[in-house]
There are 2 protein chains.
Amino acid sequence: MQKLAIGIDIGGTSIKYGVLTEDGEVKLKESFPTKEFKEVDDFINYLSERIKHSLAGLKSDHKLVGVGIGAPNGNFYRGTIEHAPNLNWKGIVPLADLLSKKIKVPVYLTNDANAAAMGEMTYGGAKNMKNFIMITLGTGLGSGFVANGNLILGQDGFAGEFGHTTVFHDGRECGCGKKGCLETYVSATGIKRTVVKLLSKAKTDSILRDYSYNNITSEQIYKAAMNGDQLAIDAFDFTGKILGMKLADAITIISPEAIFLFGGLANAGKLIFEPTKKYMEEYNFPIYKNKVKLLSSLLPECEAAILGSASLVWSNEKKQH
Amino acid sequence: MQKLAIGIDIGGTSIKYGVLTEDGEVKLKESFPTKEFKEVDDFINYLSERIKHSLAGLKSDHKLVGVGIGAPNGNFYRGTIEHAPNLNWKGIVPLADLLSKKIKVPVYLTNDANAAAMGEMTYGGAKNMKNFIMITLGTGLGSGFVANGNLILGQDGFAGEFGHTTVFHDGRECGCGKKGCLETYVSATGIKRTVVKLLSKAKTDSILRDYSYNNITSEQIYKAAMNGDQLAIDAFDFTGKILGMKLADAITIISPEAIFLFGGLANAGKLIFEPTKKYMEEYNFPIYKNKVKLLSSLLPECEAAILGSASLVWSNEKKQH
């Protein structure tokens, strides 16, 4: 009988859902829009029906071991999503309990970047690592820290909000209400803000001078940089500088074997890795210099979120046995 | 038969040495100057003789379980002191192995701030805590981070160098070769540098204008502040501001239950705790606000180092049983 886990990634726009084996083979994968579900009960009803259908449709003999969920503002200890700004479901939502009652298997929930870190450890480049940092670069900057082989969840289950460390004390306004947070510089939105700042500051010619703020995307900045647009290249350099400096800070706490970059900006390859590495080493405390690897995530991007969520199931199953 | 551990604290000036019970009762305590021992072999010979004498002098029936050592640049994994700038013994010194061969019990070694964190967890205010940060304020700033109930040692055994995170990117020159490190602002030396900077910048009258740079001590700054000297009070406020801001950064990684301050500057009480707490909350990511306790270490200062070192023995003995 084959053991299976379900990995679910809840984002502001879509919910991704997959049925996986312990080896990370994806038996089935789908996604549906998040906003369809005004009430969390509607979502739970829909999801539990869909799980039943999916499993019924599998030909092999199997057993569902559990469900793992990655969600914004997810709390592992309580299995809750708490005050997530981009979801319809307000307040504190006990999602893991609600789903577990319906489908009668354990349900684990954590924030999306922590799930990605677990995925990297189970299926990706951190398979044999006990100490590493996962940085997810999307609209914002998420992070997961692993020390002594365990994800750091902290006292209240909300550890790993490195995107909200302060870079400049009177810096850019952040969605969290603070100023100068790391993610206002290092993220898809961050590099766009940097481009627009450089447009005002520098006189460098750039194709990006023809786009409005709302129309600039990180993909365009990447293409421009690949075509030799100096202003776009400068924006990547600045982004890597800020990230490298702050990673040097994080290294003093964790002393990791490696740091993994994942997601949109990380796909820019050398454009982001080279300046990040350069400034990370420049700001590293001497005993850490040239010891910490800066790596691309080995998770396939389109399946990373469900792999990460599903790995919550396997790691917790192991702890119980 | 009573189990005993020996705790040793190796500093640049003196070596403190104590024989302790598991409850933290100090049966015997002494100290001797570090510089006496030009070669590490001399030190090992002297120390092992002294241990034999100490134990022979005890009246009760006892068993020595092990020795714990806290030392600058101490590496737990290797039991080594590596390139410590303030010691006679240069290069990589395998102190734990050398001593263990002589006295035939396990010898554990880590850096002094990590030992202090272990001490706080075993004998101090962190007895029931799984997630906390220890900050030791002396000539420099040391730190120990505990997550999921374990000290974070990192990939190479050198985790917890929070004193060398960067505050200002072109800031004060640090002994480590970098610029703008936290300990150049927050430490006994740091507050003195702040006072001297304020003397040049402000026109505020101050008793400290009568002292040379070399003659100003953190004790004098404390006394001046207690007597209402505004410049000294401003120096404490600035020191607390920098510490509070950087603690808010560290909280995003660890999400601790509490942060403990230990050592010279921490003894200034409200003068340092109030601004640190104020700015820590101001820069905290909203979900952490007013949740993290800022506390004084409960370790008695004169015995903290040997308590911390000895606690390495008890915690490792537990792991083996």
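This structure is a prediction, so every number in the text was calculated from the model and none was measured.

Hey, could you run me through the sheet that holds strand 3 (residues 26-33) of chain A in this one?
Two strands in a sheet stick together by hydrogen bonds in their backbones, pointing the same way (parallel) or opposite ways (antiparallel). Residues and elements named next belong to chain A. Across the sheet, 5 strands lie side by side as 3-2-1-4-8; this open sheet has mixed pairing. Each having just a single partner strand, strand 3 and strand 8 (107-111) make up the two edges of the open sheet. This sheet shows a mean twist of 15 degrees between the axes of neighbouring strands, independent of strand direction. Most of the contacts of helix 3 (residues 112-123) go to strand 8, to which it runs at about 110 degrees, and overall it touches strand 1 (2-10), strand 2 (14-21), strand 4 (62-71) and strand 8.

Quick question: what am I supposed to make of empty space enclosed by the protein here?
Once rolled over the atoms, a probe with the size of a water molecule shows which space is left empty. Tallied over the entire structure, the rule returns 2 cavities of 30 Å³ or more. A volume near 90 Å³ is recorded for the largest cavity. Around the largest cavity sit A:T166, A:V167, A:H169, A:M245, A:K246, A:D249, B:T166, B:V167, B:H169 and B:K246, which together line it. Per-element accounting of the lining of the largest cavity gives the leading share, 3 residues, to helix 6 (residues 230-254) of chain A. Class assignment for the residues of the lining of the largest cavity results in 3 nonpolar, 4 polar and 3 charged. In this model, the second largest cavity occupies a volume close to 70 Å³. The wall of the second largest cavity is formed by A:F162, A:T165, A:K246, A:D249, A:A250, A:I253, B:F162, B:T165, B:K246, B:D249, B:A250 and B:I253. Broken down by secondary-structure element, the contributors of at least two residues to the lining of the second largest cavity are helix 6 of chain A together with helix 6 (230-254) of chain B. For the lining of the second largest cavity, a count of residues per class yields 6 nonpolar, 2 polar and 4 charged.

Looking at this structure, I do not really get the relation of the copies chain A and chain B. What am I missing?
For the pair chain A and chain B, the superposition axis carries a translation of 0.0 Å, the fit reaches an RMSD of 0.0 Å, and the rotation angle comes to 180 degrees. Taken together, the rotation and translation relating the two chain copies correspond to the operation of a two-fold axis. Interface overlap between copies: 98% of the residues of chain A at the interface are likewise at the interface in chain B, consistent with a symmetric, same-surface contact.

Can you help me understand the interface of chain A and chain B in this one?
Think of interface size as the accessible area that goes away when the parts come together; that is how it is often given. Tallying the contact residues gives 40 residues for chain A and 39 residues for chain B. The contact between chain A and chain B buries some 3500 Å² in all, and 57% of this surface belongs to carbon and sulfur atoms. On the chain A side of the contact with chain B, A:Q155, A:H169 and A:I253 bury the most area, a combined 19% of that side's loss. The tally of links from chain A across to chain B stands at 4 salt bridges. Between A:D249 and B:K246 there is a salt bridge, and its shortest N-O distance comes to 3.0 Å. At the surface where chain A touches chain B, the tally comes to 22 residue pairs in polar contact (both at pLDDT 80 or more). When residues of the side of chain A that touches chain B are traced back to their parent elements, those giving at least two are strand 10 (141-147), strand 11 (150-151) and helix 6 of chain A.

I keep staring at the pattern of salt bridges and nothing clicks. Help me out?
Two side chains bearing opposite charge may form a pair once their charged atoms approach each other closely. As enumerated under the stated definition, the model contains 21 salt bridges over all chains in all. A salt bridge links B:K291 to A:D156; the nearest nitrogen and oxygen atoms lie 3.6 Å apart. A residue pair is termed interchain when its members come from two chains, as with B:K291 in the loop between helix 7 (270-283) and strand 13 (293-296) and A:D156 in the loop between strand 11 and helix 4 (188-201). Given the relative accessible area of 11%, A:D156 is considered buried. Of the charged contacts, one joins B:E257 and B:K293 as a salt bridge, the two residues approaching to 3.2 Å between their closest N and O atoms. With B:E257 in the loop between helix 6 and strand 12 (258-262) and B:K293 in strand 13, this residue pair connects regions lying 36 residues apart in the sequence. Connected through shared salt-bridge partners, A:K246, A:D249, B:K246 and B:D249 make up one network.

Help me understand the domain arrangement of chain A, please; the structure alone is not making it clear to me.
Residues and elements named next belong to chain A. Assigned domains of chain A: these are domain 1 (2-121 + 314-320) and domain 2 (128-296). Its C-alpha centre places domain 1 at a distance of 28 Å from the equivalent point of domain 2. Tallying the contact residues gives 17 residues for domain 1 and 20 residues for domain 2. Going through the elements one at a time, strand 5 (74-75), strand 8 and helix 3 are the ones with two or more residues in the side of domain 1 that touches domain 2. Here the element with the most residues in the side of domain 1 that touches domain 2 is helix 3; it accounts for 7 residues. Of the residues belonging to the side of domain 1 that touches domain 2, the class tally is 7 nonpolar, 6 polar and 4 charged.

Could you clarify how one ought to interpret the packing of aromatic side chains in this entry?
Aromatic rings considered in pairs are described by the distance between their centres and by the relative angle of their planes. In total, this model carries 22 aromatic pairs over all chains according to the counting rule given. Over the ring of A:Y213 we find A:K192, and its NZ or CZ is 4.5 Å from the ring centre.

Sorry if this is basic, but what is going on with the sheet that holds strand 10 (residues 141-147) of chain B here?
All names here are of chain B. Spatial ordering of the open sheet is given by 11-10-9-12-13, a layout of 5 strands whose pairing is mixed. Each having just a single partner strand, strand 11 (150-151) and strand 13 make up the two edges of the open sheet. Two strands pair when backbone bridges link them, and strand 9 (residues 132-137) and strand 10 are joined in this way by 6 bridges, in the antiparallel orientation. Opposite I133, over in strand 10, you have F145 as the bridge partner. Of the strands in this sheet, strand 9, strand 10, strand 11 and strand 12 are in contact with helix 3 (residues 112-123), which crosses strand 9 at around 125 degrees.

Explain the confidence of the model for chain A here, please?
Low-pLDDT portions of the prediction should not be read for the details of their coordinates. When pLDDT is averaged along chain A, the result is 93; 99% of the residues meet or exceed 70. Prediction confidence for the complex, expressed as pTM and ipTM, is 0.92 and 0.91 respectively.

I keep staring at helix 2 (residues 95-103) of chain B and nothing clicks. Help me out?
Working note: α-helix, 3.6 residues per turn, so residues spaced by three or four point in the same direction. Residue and element names in this part refer to chain B. For helix 2, the full list of buried residues reads L95, A96, L99 and I103. Across the axial projection of helix 2, the buried residues extend over an arc of 95 degrees, all falling on one side. Buried residues along helix 2 sit in contact with strand 1 (2-10), helix 1 (40-57), strand 4 (62-71), strand 6 (80-82), strand 7 (92-93) and strand 8 (107-111). Trailing helix 2 by a residue or two, K104 shows a phi angle of about 60 degrees, which is positive.

Rules of the game
Residues numbered from 1 in each chain as written. Chains lettered and ligands numbered in written order. Predicted model: local features only at pLDDT ≥ 70, side-chain atom pairs only at ≥ 80, totals over all residues. Heavy atoms only, no water. Pairing = 2+ DSSP bridges. Helix = DSSP H or I, 4+ residues; strand = E, 2+ residues; numbered from the N terminus. Axes fitted to C-alpha atoms, helices over the stretch in contact; angles between N-to-C directions. Contact = heavy atoms within 4.5 Å. 1 Å grid on protein atoms, 1.4 Å probe; cavity = no way out; pocket = protein on both sides within 12 Å on 5 of 7 lines; lining within 4 Å. Points joined across faces, edges and corners; volume = space filled by probe spheres on them. Nonpolar A, V, L, I, M, F, W, Y, C, P; charged D, E, K, R; others polar. Least-squares fit on C-alpha atoms with pLDDT ≥ 70 in both. Buried area = accessible area lost by both parts, 1.4 Å probe. Salt bridge = Lys/Arg side-chain N within 4 Å of Asp/Glu carboxyl O. Polar contact = N/O pair within 3.5 Å; in protein donor to acceptor, adjacent residues only side chain to side chain. Buried < 20%, exposed > 50% of the residue type's maximum accessible area, 1.4 Å probe, protein only. Domains from an automatic or database assignment. Phe/Tyr/Trp six-rings, centres within 6.5 Å; stacked < 30°, edge-to-face > 60°. Lys NZ or Arg CZ within 6 Å of the ring centre and 35° of its normal. pLDDT = per-residue confidence, 0-100. Arc of directions from axis to C-beta.

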